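Reading the structure
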Amino acid sequence: MKHFIITGASKGLGEGLAIELINENHHLVCIARNESQKLKQLAAAKNCRLDFILFDLAVTHDIPAMMDSLFEQIDKVQAEGFYLVNNAGIIQPVNRVEDYDPDEAEQHMKINLVAPMLISAAFIRHTKSLPIKKRILNISSGAAFNPYYGWSCYCTGKAGLDMFGRCISEEQKEETHPVETMGVAPGIIDTGMQTTIRSTDERAFKHKEKFVEFKESGQLIPPAIAGKRIAQLLISDEFKDGTTIDVREDY
Ligand SMILES: NC(=O)c1ccc[n+]([C@@H]2O[C@H](COP(=O)([O-])OP(=O)(O)OC[C@H]3O[C@@H](n4cnc5c(N)ncnc54)[C@H](OP(=O)(O)O)[C@@H]3O)[C@@H](O)[C@H]2O)c1
């Protein structure tokens, strides 16, 4: 049995990825504040064990206990592999730095950066001695490498997540059974996050029109297609430890 832990699987890219991974030899653990009925129905139809953990990733203090309880439900002796996808993320606040609401900025960094750090830490701790495939895939963005006016929280969080993954790779080099880590920028996907981006104030986000144009000209990737690509990367030899790739040119 391969075990997949996916944050933010209730909709968007995470849901698309989870759909792709549903089969009877996989166990999916989906972490988000809401469930996806679609996922639950598909899993039931395909005899796949799927657990939803309803959890707010902004409550970072509770993450170690949540992860302990998650691993208690898994038979590690029978496990063939463990895969963690740090996918959950938000775009807000979209604003110039001096206009941030401080609580919103803090919330953003907790969800987009601190939560994946703590989840990865627990993942490594719980799988440390297992001589099987162990992988962490961080969902990155072009915003990790390019500054965008109004997106300083988002760009900073994604850049931080990328560097965090590279630090894990560095540490794991000395392990007998290392956890591999990779980052992937998944392209521009037709999800709720893009709807939010198109509804932001142009004074706060100067590239808004470009994103409206992406949608109107049909350039957004459907979550199912993006999910398929990410699933393939996650379980194949394309997974390259210590790297971050942008899949945009692959579609
Ligand atoms: N869409 C794009 O064009 C694009 C481009 C590059 C990178 N990405 C990245 O892809 C990932 C997925 O984004 P998406 O476009 O699929 O966005 P989305 O449709 O808005 O989905 C975001 C997911 O994150 C979860 N989430 C948000 N806040 C959470 C919280 N406090 N606690 C737990 N879960 C939370 C949501 O679940 P609940 O609301 O149920 O909690 C949802 O499942 C993100 O990391 C994003 O940065 C997206």
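Described below are features of the structure shown in this document. Since we're looking at a predicted model, the values are computed, not measured.

1. Description of the site of the ligand
Around the ligand there are 27 residues in total, and Gly-8, Gly-12, Arg-33, Gly-89 and Thr-191 lie nearest to it. Counting residues per element, the ones that place at least two in the shell around the ligand are helix H1 (12–21) and helix H6 (192–198). Classifying every residue of the shell around the ligand by side-chain character gives 13 nonpolar, 11 polar and 3 charged.

2. Examining helix H3 (residues 63–72)
Buried within H3 we find Ile-63, Met-67 and Leu-70. Mapping the buried residues of H3 onto a view down its axis gives an arc of 55°, with all of them on the same face. Relative to its buried face, H3 has exposed residues pointing more than 90 degrees away, namely Ala-65, Asp-68, Ser-69 and Glu-72. For H3, the secondary structure elements touched by its buried residues are strand E2 (26–32), strand E3 (49–54) and helix H4 (102–127).

3. Focus on the environment of Gln-172
One can find Gln-172 in helix H5 (residues 152–172). For Gln-172, a count of 18 C-beta atoms within 10 Å translates into the label partly exposed. As a C-alpha pair, Gln-172 and Lys-128 span 44 residues in sequence and 9.9 Å in three-dimensional space. Other than its neighbours up to four places away in sequence, Gln-172 contacts Pro-178 and Val-179.

4. A closer look at the nonpolar core
Ranked by size, the top nonpolar core spans 54 residues in total, and within it Ile-6, Leu-17, Ala-18, Leu-28, Cys-30 and Val-85 carry the most contacts. Sorting elements by how many residues they give to this core places H4 first, with 6 residues. Residues within four places of Leu-28 in sequence aside, it is in contact with Phe-4, Ile-6, Ala-18, Leu-21, Ile-22, Ala-43, Cys-48 and Leu-50.

5. Some remarks on the sheet that holds strand E5 (residues 133–139)
The strand order across the open sheet formed by 7 strands is E3-E2-E1-E4-E5-E6-E7, and the pairing between neighbours is parallel. At either margin of the open sheet sits one strand with a lone partner, and together these are E3 and strand E7 (243–246). The average undirected angle you get between the axes of adjacent strands in this sheet is 15°. The pairing of strand E1 (residues 2–7) with strand E4 (residues 81–86) spans 5 bridges and is parallel. When the sheet's bridge partners are listed, Phe-4 is paired in E4 with Tyr-83. This element, H1, spans E1, E2, E4 and E5 of the sheet and lies at about 165° to E1.

6. What to know about the packing of H1 against helix H8 (residues 223–235)
Their axes nearest at 7 Å, the elements H1 and H8 cross at an angle of 60°. Classed by the angle they form, the pair H1 and H8 counts as oblique. Read as a crossing pair, H1 and H8 show a hand that is right-handed. Seen from H1, the contacting residues are Gly-12, Leu-13, Glu-15, Gly-16, Leu-17, Ile-19, Glu-20 and Leu-21; seen from H8, they are Pro-223, Ala-224, Ala-226, Gly-227, Lys-228, Ile-230 and Ala-231.

Criteria and cut-off values
- Residues numbered from 1 in each chain as written.
- Predicted model: local features only at pLDDT ≥ 70, side-chain atom pairs only at ≥ 80, totals over all residues.
- Near = placed C-beta within 6 Å.
- Helix = DSSP H or I, 4+ residues; strand = E, 2+ residues; numbered from the N terminus.
- Nonpolar A, V, L, I, M, F, W, Y, C, P; charged D, E, K, R; others polar.
- Buried ≥ 20, exposed ≤ 12 C-beta atoms within 10 Å, placed from the backbone.
- Arc of directions from axis to C-beta.
- Contact = placed C-beta atoms within 7 Å.
- Core = buried A, V, L, I, M, F, W, Y, C linked by C-beta atoms within 7 Å.
- Pairing = 2+ DSSP bridges.
- Axes fitted to C-alpha atoms, helices over the stretch in contact; angles between N-to-C directions.
- Parallel < 35°, antiparallel > 145°, perpendicular 65-115°, else oblique.
- Left-handed = near helix turned anticlockwise from the far one by under 90°.

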